[in-house]
Amino acid sequence: MKTRAAVAFEAKAPLTIVELDLEGPKAGEVLVEIMATGICHTDAYTLDGLDSEGIFPSVLGHEGAGIVREVGSGVTTVKPGDHVIPLYTPECRQCKSCLSRKTNLCTAIRATQGKGLMPDGTTRFSFEGKPIYHYMGCSTFSNFTVLPEIAVAKIREDAPFNSTCYIGCGVTTGVGAVVNTAKVEAGANVVVFGLGGIGLNVIQGARLVGADKIIGVDINDAKDEWGRRFGMTHFVNPTKLDGDIVQHLVQLTDGGADYTFDCTGNTTVMRQALEACHRGWGVSVIIGVAEAGREIATRPFQLVTGRVWKGTAFGGARGRTDVPKIVDWYMNGKIEIDPMITHVLSLEQINEGFDLMHRGESIRSVVVY
Ligand code: NAD
Ligand code: AHE
Ligand code: ZN
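Residues numbered from 1 in each chain as written. Chains lettered and ligands numbered in written order. Predicted model: local features only at pLDDT ≥ 70, side-chain atom pairs only at ≥ 80, totals over all residues.

Turning to the overall build of the chain, a few remarks are in order. Check the secondary structure of the chain and you find twelve helices and 17 strands. Expected size for 369 residues packed as a compact globule is a radius of gyration near 21 Å; at 20 Å, the chain falls within 12% of this value. Overall, the C-alpha framework of the chain stretches about 60 × 40 × 40 Å when taken along its three principal axes. A burial count over the chain gives 50% of its 369 residues as buried. Taking contacts inside the chain between residues at least 6 apart in sequence as the whole, the part at least 24 apart equals 71%. (Helix = DSSP H or I, 4+ residues; strand = E, 2+ residues; numbered from the N terminus. Rg over C-alpha atoms; globule rule 2.2 N^0.38 Å. Buried ≥ 20, exposed ≤ 12 C-beta atoms within 10 Å, placed from the backbone. Contact = placed C-beta atoms within 7 Å.)

The next subject is the site of ligand 1. Close to ligand 1 lie 31 residues; His 41, Gly 194, Gly 196, Ile 198 and Gly 265 are nearest. Ranked by residue count, the leading element in the shell around ligand 1 is helix 1 (residues 41–47), at three residues. Class assignment of the residues belonging to the shell around ligand 1 gives a composition of 15 nonpolar, 14 polar and two charged. (Near = placed C-beta within 6 Å. Nonpolar A, V, L, I, M, F, W, Y, C, P; charged D, E, K, R; others polar.)

This brings us to helix 9 (residues 267–275). For helix 9, the set of buried residues is Val 269, Met 270, Gln 272, Ala 273, Leu 274 and Glu 275. Residues of helix 9 that are buried in the fold lie against strand 10 (190–193), helix 8 (245–252), strand 13 (259–262), strand 14 (283–286), helix 10 (301–304) and strand 15 (308–311).

Now for the domain arrangement of the chain. Splitting the chain by domain gives domain 1 (2–168 + 337–368) and domain 2 (173–313). Between domain 1 and domain 2, the C-alpha centre-to-centre distance is 28 Å. Contacts between the two partners involve 14 residues from domain 1, matched on the other side by eleven residues from domain 2. Top element by residues in the side of domain 1 that touches domain 2 is helix 1. It accounts for three residues. Broken down by class, the residue content of the side of domain 1 that touches domain 2 amounts to seven nonpolar, five polar and two charged. (Domains from an automatic or database assignment.)

All right, on to the nonpolar core then. In this structure, Val 190, Val 191, Val 192, Val 202 and Phe 261 are the most contacted members of the largest nonpolar core, which totals 104 residues. Among the elements that line this core, the one with the most residues is helix 5 (residues 170–182), at six residues. Residue-level mapping places this core at the junction of two domains, with at least three residues from each of domain 1 (2–168 + 337–368) and domain 2 (173–313). Residues contacting Val 192, with those up to four places away along its chain left out, are Gly 199, Val 202, Ile 203, Gly 216, Val 217, Phe 261 and Cys 263. (Core = buried A, V, L, I, M, F, W, Y, C linked by C-beta atoms within 7 Å.)

It is worth spelling out the environment of Met 270 at this point. Along the chain, Met 270 falls in helix 9. Sequence-wise, Met 270 and Phe 193 are 77 residues apart; in three dimensions their C-alpha atoms are separated by 8.6 Å. Ignoring any residue separated from it by four or fewer positions in sequence, one finds Met 270 in contact with Asp 262, Ile 286 and Ile 296.

Further remarks concern the confidence of the model for the chain. Per-residue confidence for the chain averages 98 on the pLDDT scale, and 100% of its residues sit at or above 70. The complex prediction reports pTM at 0.98, with the ipTM value standing at 0.99. (pLDDT = per-residue confidence, 0-100.)

Further remarks concern the pairing of strand 17 (residues 364–368). Counting buried positions over the five residues of strand 17 gives four, a clear majority of the element. One ladder, built from three bridges, connects strand 3 (residues 29–38) with strand 17; its direction is antiparallel. Looking across to strand 17, one finds that Ala 36 is bridged to Val 368. In terms of strand pairing, strand 16 (residues 341–345) meets strand 17 through four bridges, oriented parallel. Bridging across to strand 17, Ile 341 finds its partner in Arg 364. (Pairing = 2+ DSSP bridges.)

Here we have six strands laid out as an open sheet, ordered 12-11-10-13-14-15, and parallel in their pairing. Among the strands making up the open sheet, the edge pair consists of strand 12 (234–236) and strand 15. Strand-to-strand twist across the sheet, computed as the mean angle between neighbouring axes with direction ignored, equals 20°. Across four bridges, strand 14 lies against strand 15 in parallel orientation. The residue bridging Ile 286 from the neighbouring strand is Gly 311, located in strand 15. Lying on the sheet, helix 5 is in contact with strand 13, strand 14 and strand 15; it crosses strand 14 at an angle near 130°. Lying over the sheet, helix 8 contacts strand 10, strand 11 (214–217) and strand 12, oriented at roughly 165° with respect to strand 12. (Axes fitted to C-alpha atoms, helices over the stretch in contact; angles between N-to-C directions.)

Reading across from one edge, 1-2-6-7 is the order of the four strands in this open sheet, with antiparallel pairing throughout. Single-partner strands in this sheet number two, and they are strand 1 (2–7) and strand 7 (130–132). With strand direction ignored, the average angle separating the axes of adjacent strands in the sheet is 50°. Of the pairings in the sheet, the one linking strand 6 (residues 125–127) to strand 7 comprises three bridges and is antiparallel in character. Paired with Phe 125 across the strands is Ile 132, a residue of strand 7.

Okay, here's the thing in structure tokens:
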């Protein structure tokens, strides 16, 4: 079949809208019509050539929602007509990682996924007879895409696609980092670095669990109002501060934060987030994705004296199990999504979505097919 898609033919160049050839689903795979997709900073990072796993030409996009249109042989858990969210972190429930119950990082198809291929080692997309690679196992910047059955979460049919697509990454990552990874408790002091599409979801996760001080840190003053909208109690712009940001945060939290979150991908900020934690127990969670070649550093004494450095992917969520629950949280008003969707674009306008993000003018742009 044919599908309209925004293709990343090369790094550091705008996406090009073309009609691709798409092969149907093979055994264990499903064909999904993507109805809406968010644009996450990770898409921009890969397009900018900063991802050590970046492959071109490819169809980017990993934050979608859509409808199953066809299933391959052996598929039993979804059927045509089901509403689904693609999962860049699948949940096979059979691999060592899934069975460990210690992680959400299913390893069933990670090797081929990282090479832009389906589990059988081939790609379903092509253009003028040449292969086009998949991205994070999702490729939601195509109107139709093929996914492994274990990489779709079935969701309720009354949930709107334009907002639930954001649960495919940003919402689940931010809220999940608080609830699943850090397990923030009521009354805790929290510092969130980077108040974008992820950071604001960390803030609303912290509000959800009853955190006390929720301090937002961003170099863009416009994020002050955005943070407060979702529960932030204090805002700090480090570029406007006379002294050191870590000392300032340690003072503001009476000795250091119980939990800090990096939502910037900047390794200097990651260090600040760790060092702003309370001696003896503070936990710092890295969410941001750093560009290829970057490394983190701190004095080991920071860890010797009880601070804990952790990371999280997809907010520690087990996709097929947890994503339908997060959709319920949204539908029941427990979490908000709509106000964070600042721009709704057509596929033809997708490059504008990247420009808005780079200029710091959007929280989430959503492309509707
Ligand atoms: P975004 O562009 O919407 O937001 C980033 C925010 O960080 C902006 O508000 C920006 O002003 C702020 N910022 C930049 N540099 C800063 C600095 N030095 N100090 C303080 N604030 C600073 O991006 P996003 O979509 O929210 O993504 C944030 C990060 O999370 C990216 O690195 C992305 O790749 C990553 N991410 C990780 C996961 C995961 O599973 N671990 C999931 C989604 C996104
Ligand atoms: N490919 C990069 C790493 C990118 C990365 O860490 N991705 C996150 C999700 S970001 C979503 O917006 C993730 O899930 N990581 C776990 C995994 O298995 O990829 C690199 O450095 O090579
Ligand atoms: Zn993402």
